[in-house]
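Descriptive analysis of the structure
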Amino acid sequence: MTIGTPGVFAIESRITHAYDKLSLRALGCFLIYVAGFRYGVDADDATMLANSYDGVLDRTRRRGTHRVVFAQEDAIDIADAVSASLYADCGQRQFFGFSQAELAALLTGTGVLWAPDGDEAFDDGSHVLQFDVDDRVRLLGFRRESGTVSTASVSDIWLPEEQFYSTLQTWRNAFDKEWELQPKLATR
């Protein structure tokens, strides 16, 4: 199921097996489209969907709080800073006035870092950032390849806040219905 417009912003998910245990929800895949680029592992067994589902719920609960002072900086500069702060040993290097540790903590603490989200859904090196700026949302996606940002994979789009959050809510509602209709595999 795909909710939204892949050339702009969309969420695609696929349920391969549904589970009765909510902490698992389902086996399948969860993909995020940003300006026509797809981020995430496109495989029927990419991940258990509970983490991605809960991430969407958290984003809607924290609406308007995904804010950082560098939200309007150049997309490549942001992608490089995020990549370096999360994966490199940068010593005393500063990123937008933050140390490596400060930037890494800021990305997770504000919820700006949407993907990777802690499970296998984004083991392809995909990263998606969400910035709430006034009444708009900026989405920035990129993929890390061989330890660096692939500039060819960088996507950047600004959306009206209502469009972004409405897409999240519509996906959640559709996922809930799809999950409810699936036969459930029992867990112990």
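The structure we're discussing is the one just above.
To start, this report covers the structure provided alongside it. (Residues numbered from 1 in each chain as written. Predicted model: local features only at pLDDT ≥ 70, side-chain atom pairs only at ≥ 80, totals over all residues. Heavy atoms only, no water.)

**Side note on the pairing of strand β3 (residues 26-34)**
Within β3, nine of the nine residues are buried, which leaves the element mostly enclosed by the surrounding structure. Of the strand pairs in this sheet, strand β2 (residues 9-19) and β3 are connected by nine bridges, and their pairing is antiparallel. Its bridge partner lying in β3, I15 is registered against G28. Hairpin connection of β2 to β3: six residues between the antiparallel strands, including R25 at a positive phi of 60°. As judged from the two bridges shared by β3 and strand β5 (residues 47-48), these two strands associate in the antiparallel manner. The partner of L27 across the bridge, within β5, is M48. (Buried < 20%, exposed > 50% of the residue type's maximum accessible area, 1.4 Å probe, protein only. Helix = DSSP H or I, 4+ residues; strand = E, 2+ residues; numbered from the N terminus. Pairing = 2+ DSSP bridges.)

**Some remarks on the sheet that holds strand β10 (residues 136-145)**
In sheet architecture, strand pairing relies on hydrogen bonds along the backbone and comes in two forms, parallel and antiparallel. Taken in spatial order, the four strands of this open sheet run β8-β9-β10-β11, and their pairing is antiparallel. Each edge of the sheet is formed by a strand with only one pairing partner; in this case those strands are β8 (113-115) and β11 (148-160). Strand-to-strand twist across the sheet, computed as the mean angle between neighbouring axes with direction ignored, equals 25°. Two elements, β8 and strand β9 (residues 126-133), share two bridges in a ladder whose sense is antiparallel. When the sheet's bridge partners are listed, L113 is paired in β9 with L129. (Axes fitted to C-alpha atoms, helices over the stretch in contact; angles between N-to-C directions.)

**A word on the packing of helix α1 (residues 50-61) against helix α4 (residues 161-181)**
Put simply, α1 and α4 touch, their axes get as near as 10 Å, and they point 140° apart. As the angle between them shows, α1 and α4 are arranged oblique. Classified by chirality, the crossing of α4 by α1 is left-handed. Contacts between α1 and α4 involve Y53, V56, L57, R59 and T60 on the former and, on the latter, Y165, L168, Q169, W171, R172, F175 and D176. Classifying every residue of the contact of α1 with α4 gives seven nonpolar, two polar and three charged. (Parallel < 35°, antiparallel > 145°, perpendicular 65-115°, else oblique. Left-handed = near helix turned anticlockwise from the far one by under 90°. Contact = heavy atoms within 4.5 Å. Nonpolar A, V, L, I, M, F, W, Y, C, P; charged D, E, K, R; others polar.)

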